[in-house]
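Reading the structure
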Amino acid sequence: MTIADLWDQRISAFLLSPSQFLASTTTESFLAELLHELRKDKANDQLKILLVSVLLEHPTVLCPSASVGEETALELLSVFSHMPQKSITLKCNIMLAITNVIICTPCLATHTKTAEDWLDLLFQTIQDTNDYRGGLAQQPIRATACDCLREIETCSPGLLSQKLEALYLLKQQETTVLHQSYCLLYTLGLKNAIRILTNQKDVTDLEFKSVLGGNEGFAWKSSQLGLTWMPINMLVQVPRLPLGLDCKELKSIMSSLLEESYLLTPVSQSALLGELVEVVAMVPGLSPTLFKSQLLRLFGTADVSLMHATLFMKDTFTDSLFTAEDENFLLKRLVGTAQHPLLRIPEKLFYMECILHFPENRPISSSGEESLPVLVTPRLAASLHPTVFNDSATMLCRLNLLCLVHLEVADEGEADKGISYLFDHIMALLNIIDNDGSREVVVTSFRALFIFLMHFNGMEELSEKLIDKLCEMYSRHSRLAPNLIGLANRIQEHLDDPVWSVKLLRGLQKCIMEMPPLHLTIHNLSWHLKVLKRVAKEGQITQRNTIYLLLNVLINSNLCERGNWQVGDAVLAVCRNLLEHPSIDQVFIELADLLQYISIHYDDTDIKDHARFYYRLLTNLSWEKLTGVLAKGLGGRAKERSHSAIMSESEGIASNLTVHKTNRHVLQLIKVQEKASQSSSESSSESLEATGEVKNWLEVYQGQFQTPGFGSEVTLRYNLTHAEETDPLFDRVFTICLHFELKDSNYAKVSDIHVPCVFRDRKPPEVKVQLKPFQPYPTSLCVSAMFSTQDGRSWHSRLPDVSVSFPEIFLPLPLPPNSPCECKEQVFEHLWKAAASGNPDKSAISLFCFKPEDKGLVDLIKTHFQGYLITDQQSERSWKVLFFLPPKCHILLKITQAEDAARVSIATDNWELLPFVNSYLQNITDNCSSTVTDG
């Protein structure tokens, strides 16, 4: 695998999930590797563009602070300055990355030296108009520089407010295709500069002209503008300059920009017009008629972005710019375009939304509610009637529009024909469902039905026909139960009067009651029970027939003998809702018979217990207390406490059965020792001793990895103790169950640990946490505990997270304790040679140097490496250390004492461990200076 392929994998993994990727390394290390690779001359441009993409997508992840952002920008700037002239695409990507880092980190807001230098460089770049110095090949660099400056001005409005004259001259001089970029940059700077002036109380002609003729440095102090775009609906007052200012120069500039606008691409024209509309809105001395010459061209456009700009212009200026004829023509144009056969579905939907929210010159209502423009009449919208051949989104959008159209004229005779057409359309959709329509058709049809009912639910005749049709369909297709329940719920939520939903549910109940017994199969019964569960929530519907049906089904079938838990649970869900029904007194005996029958005959213990519990509630509590208990069981808080013995007893039972949550940490895990032995290696060692003398220790060692589970676990030991400040209630806790959740995917799931008890005044128990690494990286565990207290209540508590550091994963070489030195040296030398030769592919060697104090090296080795020493040659000032990291990784160290420093040569069969090794060595050598260089 090449370096490019390796980086491609790493970048893909990072972009897929930055948090998961960084769980196996550090942000600083990954950023350093990335910048180091960018500086390499051997790396090709495609690889470097891939590396830069990380900073374009996630700059704040890799640069969390202003200092890191500034350092990263400086590194990228250094790379940019050393790029060859031919690497145009790479240079553009690096420019975007630098701009991205400066904007997303506090560099720009805090006015750092790097941000200032970068802005100066960008402005110098765009001053090479018409490519006189750089040549045509460097044109993309200038285009990118304009884009970068525009992005910076957008994020920090007003930064270019003192350079308007210079920008205008550059725009005038530019005659290449980049004239468009210069136009957009100047217009944005002009709009923000005027917006800053509107915040001043008294603006004179001199101040106004000085802004237009500004040719100074960047306005760092003025770049604090909060709002950069006017509200589209114009409900908020637009800030304006005072009247009486001399606007001749600004008017000339505006006219020039509008005359050149046709040379721009449609998207750029839209952006330009949007900025100029805001300028005219803020300057009373400019008339909206400046845009009059553009209207004819804009009315005929087929581009979505230009139509959006036109509507923004109309919403802003209304009849100051658009006559009644213009308004009527534009609306007809939108209606025609919304059904154009060559347009894509998203574009048609856009034009439909434009019709629905058309900005009128004289709107009747200014409220935020959806209302139809006055000019949209049934005759104008006749061509937009929905058909079954429309795609789902278009059909629903057209239906909503036509419903609003005919609702406006509902009192007039001509509306009957239109409403009848829409009703026939709904019935056609339901007929398609009745003939086994697809899931998409079902969902679309019910959405269409919801839209129709939202507008015409008051027409009783149509509503009754729809209910009859839906019940008839349900009798043949019980799978529609979730759709019908959802429809009833949504209608009830959105309408003040829930009468239609109640009628539908009553009709469905009747439909189920009248079904032949042969239709009540196990599959269909599950759907019917869902409907009856929803019906049982309606206080206006009597429930006696529901109870009779359930009792007859249970008595006259083998459901009780089969003991299906899902069916039993569905029946009990209906019963639960019946217990809360206001008219429960009328069906008291029938419901009691049903619950008693289930508790005796149903062949499932859990269902029996719940039925018995409901029966006791029903027969012992009043309806008010019963609903309170059930509400509390659902997680609510009972409003009243009962003073009866029965209620007190039930509250005590509920309290004991409820798992309470603690407000703070009650328990914590304290580490006993930094590293632990490994059970599988011990068992392997015994098998080695039993074989007698073995000459080729390397073969034996390699053969161990064929043993399932060998070297797979690390045991960490902790004391389970009380947290420092806890309630005396928790001084004695019992039957503790510790549950562990991993924050990454580098380890296998950790099993729960059970501890009998923890007393504050006794020695804390020791728990062993077994970790099975997939990748031997540092990690942390989220820990929670379930336990009980002396009063019998159960509690759930979070424990402080447990961090697993890198050295805690270290294990000695898994060989017998009495193995001869030649055994360990043989394995060490083999692993070292393999790493040095690059076998396997992930092998790597490195170097770490530090300057120890007197006798500091010997003490350091005794303290940290004693259990991992392979050879100890103090006379020669040389040591060999080997760490085994499950499942199959090794870290080898050759430590030598030189005259002025200690050298630690590092070899590993997994190069991804090197950043962690470096951090570990830096930590144990305290404040000694250290460097790491790749071998």
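Keep in mind that what you see is a predicted model, and the values were worked out from it rather than measured.

Some details on the overall build of the chain
Secondary structure assignment for the chain yields 37 helices and 14 strands. By the burial criterion, 50% of the 935 residues in the chain qualify as buried. A sequence separation of at least 24 residues applies to 72% of the contacts in the chain between residues at least 6 apart. As displayed, the chain has an accessible area near 46100 Å², and 52% of this comes from carbon and sulfur atoms.

Focus on a nonpolar patch on the surface
Together, V388, F389 and I432 give the surface a local cluster of nonpolar side chains, amounting to about 320 Å² of exposed area. Mapping F389 onto the fold places it in the loop between α18 (345–356) and α19 (392–408).

Notes on the packing of aromatic side chains
The tally for this structure, following the rule as stated, stands at 28 aromatic pairs. Geometrically, the ring pair formed by W7 and F30 is tilted, given 6.3 Å between the ring centres and 40° between the ring planes. Separated by 23 residues along the polypeptide, W7 in helix α1 (residues 3–16) and F30 in helix α3 (residues 27–39) bring together distant segments of the chain. On the basis of relative accessible area, W7 is assigned to the buried category, the value being 6%. Since its relative accessible area comes to 0%, F30 is described here as buried. Look at F810 and Y920: their rings are 5.2 Å apart centre to centre, the planes differ by 85°, and that puts the pair in the edge-to-face class.

Here's the deal with the sheet that holds strand β7 (residues 779–789)
As summarised here, the arrangement of the five strands in space is β1-β8-β7-β4-β5, forming an open sheet in which the pairing is mixed. The strands lining the two open edges of the sheet, one partner per strand, are β1 (659–661) and β5 (753–759). Neighbour to neighbour, the strand axes of the sheet diverge by 35° on average, direction disregarded.

Things to note about the packing of helix α28 (residues 565–579) against helix α30 (residues 605–620)
For the pair α28 and α30, the least separation of the axes is 10 Å and the interaxial angle reads 10°. Taken together, the axes of α28 and α30 are roughly parallel relative to one another. Counted together, W565, G568, D569, L572, R576 and L579 of α28 and D606, I607, H610, A611, Y614 and L618 of α30 form the full contact between these two elements. When grouped by side-chain class, the residues that make up the contact of α28 with α30 number seven nonpolar, two polar and three charged.

A short note on the packing of helix α25 (residues 522–535) against helix α26 (residues 544–555)
In contact at an axis separation of 12 Å, α25 and α26 are set at 155° when each is read in the N-to-C sense. Looking at the two axes, α25 sits roughly antiparallel to α26. When the axes of α25 and α26 are compared, the crossing they make is left-handed. Listed contacts from α26 to L525, L529 and L532 of α25 are T546, L549, L550 and V553. Split into classes, the residues belonging to the contact of α25 with α26 amount to six nonpolar, one polar and no charged.

As for the sheet that holds strand β6 (residues 766–771)
Pairing within the open sheet is antiparallel, and its three strands lie in the order β2-β3-β6. Since the sheet does not close on itself, it has two edges, and those belong to β2 (667–671) and β6, each with one partner. With direction set aside, neighbouring strand axes in the sheet form an average angle of 40°. With six bridges joining them, strand β3 (residues 714–722) and β6 adopt antiparallel strand pairing. Counterpart to N719 in the pairing with β6 is E766.

Structural notes on α25
Spanning 14 residues, α25 covers 20 Å between terminal C-alpha atoms, matching the ideal 20 Å at 1.5 Å per step. Residues of α25 that are buried: L525, W527, H528, L529, V531, L532, R534 and V535. Among the structural elements, α22 (460–476), α23 (481–494), α24 (499–513), α26, α27 (559–562) and α28 are those in contact with the buried residues of α25.

Quick word on the pattern of salt bridges
On inspection of all chains with the given rule, the structure shows 28 salt bridges. Here E75 and R39 are joined by a salt bridge, their closest N and O atoms 2.6 Å apart. In this pair, E75 sits in helix α6 (residues 66–81) while R39 sits in helix α3, placing the two residues 36 residues apart along the sequence. By relative accessible area, E75 is classed as partly exposed at 30%. Because the salt bridges share partners, they merge into one network encompassing D434, K469, E472 and R476.

Quick word on the side chain of K880
By the secondary structure assignment, K880 is in strand β11 (residues 878–885). Assessed through its relative accessible area of 18%, K880 is described here as buried. A distance of 2.5 Å separates a polar atom in the side chain of K880 from a polar atom in the side chain of E829.

Things to note about the nonpolar core
Grouped together as the largest cluster of nonpolar side chains are 212 residues, with contacts concentrated most on F30, I126, L250, F291, M313, Y474 and L591. The element best represented in this core is helix α7 (residues 88–104), accounting for ten residues. Look past the residues within four positions of Y474 in its chain and what remains in contact with it is A481, L484, L508, C511, I512, M515, W527, H528 and V531. Counting 63 residues, the second-largest nonpolar core is a separate cluster that includes L716, A785, L799 and I861.

Side note on the environment of N663
Among the secondary structure elements, N663 is positioned in the loop between β1 and β2. Given the relative accessible area of 84%, N663 is considered exposed. Sequence-wise, N663 and H796 are 133 residues apart; in three dimensions their C-alpha atoms are separated by 9.8 Å.

A look at the confidence of the model for the chain
Predicted confidence across the chain gives a mean pLDDT of 85, with 88% of residues reaching 70 or more. When pLDDT is averaged over each element of the chain, α7 comes out on top at 95 and helix α33 (residues 679–690) at the bottom at 39. Taken as a whole, residues 634–654 scores under 50 in pLDDT and shows 13 contacts with residues more than four places along the chain or in a different chain. Here residues 675–695 scores under 50 on pLDDT; set against residues more than four positions off or in separate chains, the count is 35 contacts.

Quick word on the pairing of strand β10 (residues 869–873)
Taken together, the four bridges between β10 and β11 define a ladder with antiparallel strand orientation. Paired with D872 across the bridge in β11 is W879. In textbook terms, the turn of a hairpin is the stretch between consecutive antiparallel strands, and for β10 and β11 this stretch comprises four residues, one of which, R877, has a positive phi near 55°.

Points about the state of the cysteines
This model, assessed by the stated rule, comprises zero disulfides. Sulfur of C63: no disulfide; nearest cysteine sulfur belongs to C107 and is 8.2 Å away. For C63, a relative accessible area of 2% corresponds to the buried category. Free cysteine C155: the closest other cysteine sulfur is in C104, separated by 7.5 Å.

So, unusual backbone geometry
With an omega of 10°, the peptide bond running from P886 to P887 counts as cis. With respect to the helices and strands, the residue P887 is situated in the loop between β11 and β12 (889–897). Even without being a glycine, H111 presents a positive backbone phi close to 55°. Along the polypeptide, H111 turns up in the loop between α7 and α8 (113–126). One non-glycine residue, N130, lies in the positive phi region at around 60°. Note on placement: N130 falls in the loop between α8 and α9 (139–155).

Quick look at helix α15 (residues 292–299)
Along α15, the residues that are buried comprise Q294, L295, L298 and F299. Down the axis of α15, the buried set is contained in an arc of 130°. They therefore lie on one face. Opposite the buried face of α15, by more than 90 degrees, sit the exposed residues S293 and L296. In this fold, the buried residues of α15 make contact with α13 (248–260), α14 (266–282), α16 (304–317) and α17 (324–337).

Focus on the environment of M515
Note that M515 resides in the loop between α24 and α25. As a C-alpha pair, M515 and S475 span 40 residues in sequence and 7.5 Å in three-dimensional space. Every residue in contact with M515, bar those within four places of it in the chain, is listed here: Y474, S475 and H528.

What counts and how
- Residues numbered from 1 in each chain as written.
- Predicted model: local features only at pLDDT ≥ 70, side-chain atom pairs only at ≥ 80, totals over all residues.
- Heavy atoms only, no water.
- Helix = DSSP H or I, 4+ residues; strand = E, 2+ residues; numbered from the N terminus.
- Buried < 20%, exposed > 50% of the residue type's maximum accessible area, 1.4 Å probe, protein only.
- Contact = heavy atoms within 4.5 Å.
- Areas by Shrake-Rupley, 256 points an atom, 1.4 Å probe, with all protein chains shown as cover.
- Patch = residues over 30% accessible without salt bridge, like charges linked within 9 Å, V, L, I, M, F, W, Y side chains within 5 Å.
- Salt bridge = Lys/Arg side-chain N within 4 Å of Asp/Glu carboxyl O.
- Phe/Tyr/Trp six-rings, centres within 6.5 Å; stacked < 30°, edge-to-face > 60°.
- Pairing = 2+ DSSP bridges.
- Axes fitted to C-alpha atoms, helices over the stretch in contact; angles between N-to-C directions.
- Parallel < 35°, antiparallel > 145°, perpendicular 65-115°, else oblique.
- Nonpolar A, V, L, I, M, F, W, Y, C, P; charged D, E, K, R; others polar.
- Left-handed = near helix turned anticlockwise from the far one by under 90°.
- Expected span 1.5 Å × (residues − 1).
- Polar contact = N/O pair within 3.5 Å; in protein donor to acceptor, adjacent residues only side chain to side chain.
- Core = buried A, V, L, I, M, F, W, Y, C linked by side-chain atoms within 4.5 Å.
- pLDDT = per-residue confidence, 0-100.
- Disulfide = S-S within 2.5 Å.
- Arc of directions from axis to C-beta.

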